[in-house]
Amino acid sequence: MAKRAAEASLWETHKSTIHELYMVKETPLKEVVRILDTQHGFKRTKAQYERNFIVWGWRRKLKADEWKSIGQQVEKRKADGKLVSDLQIQGIHIPRNKIQRGLWRHQFQTTFLIVQQGQYAQRTHRQVSMSRANLHPDA
């Protein structure tokens, strides 16, 4: 058990450096591993880093449902006449351009979701009308 505690203590001594490189500067993990090995003598595998990221609750990618929630918040801000601003999620600053890319990437709906929403609308007796947007009005 003392060996495990010593290993955890070693990780804790490098945690702030790893956080700065991986989470703040978004350095690729392969590069973080190399930097800590060469500059700090901390030789660990990629899998060990990934395991500690889970323990520390770190992740750089948001899930689809989180992007959906962000999209709803952005739309609400637009409706209230407010500008879309940078976000802070899990202590990580997300700039506007990354927000726009993420929202664009997650804006589509699968056929399953569209059908499911249509069935939901039928069950609640709500009217749902869909039409195709005319992208070329002059044609």
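All residue numbers refer to positions counted from 1 along the written sequence of the respective chain. Local features in this predicted model are restricted to residues of pLDDT 70 or higher, and side-chain atom pairs are both shown and tallied only at a pLDDT of 80 or more, whereas totals for entire chains, interfaces and linings draw on every residue. Each side-chain value is worked out from all heavy atoms of the structure, with water and hydrogens disregarded.

## Quick look at the pattern of salt bridges
Right, on to step 1. The term salt bridge refers to a side-chain nitrogen of Lys or Arg lying within 4 Å of a carboxyl oxygen of Asp or Glu. A complete count under the given rule lists eight salt bridges for this structure.
Right, on to step 2. Between Glu 50 and Lys 46 there is a salt bridge whose closest N-O contact spans 4.0 Å. With Glu 50 and Lys 46 both in helix H3 (residues 46-56), this residue pair falls four residues apart, about one helical turn.
Right, on to step 3. Type-normalised accessible area, obtained with a 1.4 Å probe on protein chains alone, sets the label of each residue: buried when under 20%, exposed when over 50%, and partly exposed for intermediate values. Overall, Glu 50 belongs to the partly exposed group, its relative accessible area being 36%.
Right, on to step 4. The salt bridge partner of Lys 76 is Asp 80, with a shortest N-O separation of 3.2 Å. Every helix listed is a DSSP run of H or I at least four residues long, and every strand listed is a run of E at least two residues long, numbered separately from the N terminus.

## Considering the side chain of His 14
Right, on to step 1. On the secondary structure map, His 14 appears in helix H1 (residues 2-24).
Right, on to step 2. Since its relative accessible area comes to 13%, His 14 is described here as buried.
Right, on to step 3. Residues within four places of His 14 in sequence aside, it is in contact with Leu 36, His 40 and Phe 42. Every residue pair with non-hydrogen atoms within 4.5 Å of one another is taken to be in contact.

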